[in-house]
Amino acid sequence: MFAVLALTASAFAVEIGKLAPDFTGTDINGKTVKLSDYKGKIVVIESYNSDCPFCHDQYATGATQDLQKQLTDKGVVWLMVNSVSPHNDSHRTPAQAQQEWKDLKINATAWIDDSSGAIGHLYDMKTTPNVFVVNKDGNLVYQGAMDDHPDPFHDPRTARNYVKEAVNDLIEGKPIEVSQTKSYGCAVHYD
């Protein structure tokens, strides 16, 4: 089963301060997920592939799940986007993704099966992880790395977490201190 995806954005680029491109995707439970349905909420969009050592480190330590819980408890929406092609060994079927969700105790709002790569290409996701933060008005306010340690063997809890900072700045009504960083990790496996 593959995700059905319809793009509703007019531009195929993301830019800080501009409206985040809308998308419609299907999560691993078969539910339709539209970015525009979350207008009025802060949304985190994370490019994900647990076979990537950088993503694996974030999740094996439990750091990302803890951050997901902290933020979703505050009303933030966290959307994981897996753009791995079905032709790649790192692809997850919905059943495999559901098991991984359970095994890793993921606390995101949804895991979107983007095996067509449409959302990944729309957001120009280059690495896993690559993270985007959208404010309540639907504007992109952060894009880049999860944290400041581009190393797959660090303790993410000791790193400066740009996503946490951006979301907390939004919640507190402060300007975003760091709005863009260079993402690091593995290349997204679109093929």
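Residues numbered from 1 in each chain as written. Predicted model: local features only at pLDDT ≥ 70, side-chain atom pairs only at ≥ 80, totals over all residues. Heavy atoms only, no water.

Side note on the state of the cysteines
To keep it simple, the criterion reads: Note on terminology: disulfide denotes any pair of cysteine sulfur atoms within 2.5 Å. Exposed residues in this analysis have more than 50% of their type's maximum accessible area, buried residues have under 20%, and partly exposed residues fall in between, with area computed by a 1.4 Å probe over protein chains only.
In the structure shown here, the tally under the stated rule is one disulfide. Between Cys-55, a cysteine without a disulfide, and Cys-52, which holds the nearest cysteine sulfur, the sulfur-to-sulfur distance is 5.0 Å. Looking at Cys-55, the relative accessible area reads 1%, which means it is buried.

Some points on the pattern of salt bridges
Rule in force here: When a carboxyl oxygen of Asp or Glu is within 4 Å of a side-chain nitrogen of Lys or Arg, the pair counts as a salt bridge. Numbered from the N terminus, helices here are DSSP runs of H or I no shorter than four residues, and strands are runs of E no shorter than two.
As enumerated under the stated definition, the model contains nine salt bridges in all. Between Glu-100 and Arg-92 there is a salt bridge whose closest N-O contact spans 2.5 Å. Taking relative accessible area as the criterion, Glu-100 reaches 11% and is therefore assigned buried. Residue class for Arg-92 comes out buried when judged on its relative accessible area of 15%. With its nearest N and O atoms 3.2 Å apart, the salt bridge here joins Arg-160 to Glu-177. Of the two residues, Arg-160 sits in the loop between β9 (140-144) and α5 (162-172) while Glu-177 sits in the loop between α5 and β10 (186-187), which places them 17 residues apart along the sequence.

Points about the pairing of β9
Quick reminder of the rule: Only strands joined by at least two bridges in the DSSP assignment are considered to pair.
A large share of β9 lies buried, amounting to five of its five residues. With four bridges connecting them, strand β8 (residues 131-134) and β9 associate as antiparallel partners. The residue of β9 that forms the bridge with Phe-132 is Gln-143. Taking the residues between adjacent antiparallel strands as the criterion, β8 and β9 are bridged by five residues, where Gly-138 takes a positive phi near 90 degrees.

Quick word on the nonpolar core
Quick note on the threshold: Throughout this description, the term nonpolar core refers to a set of buried Ala, Val, Leu, Ile, Met, Phe, Trp, Tyr and Cys residues connected via side-chain atoms within 4.5 Å. Should any heavy atoms of two residues lie within 4.5 Å, those residues are counted as being in contact.
Grouped together as the largest cluster of nonpolar side chains are 30 residues, with contacts concentrated most on Val-44, Trp-78, Met-80, Val-133, Tyr-142 and Val-163. Elements represented by at least two residues in this core include exactly α1 (53-60), α2 (63-72), β5 (77-82), β8, β9 and α5. Counting residues per element, this core draws most heavily on α5, at four residues. Apart from the residues within four sequence positions on either side, Val-44 is in contact with Val-76, Val-77, Trp-78, Leu-79, Val-131, Phe-132, Val-133, Val-163 and Val-167. Val-43, Ala-110, Leu-122 and Met-125 belong to the second largest nonpolar core, which has 22 residues in total.

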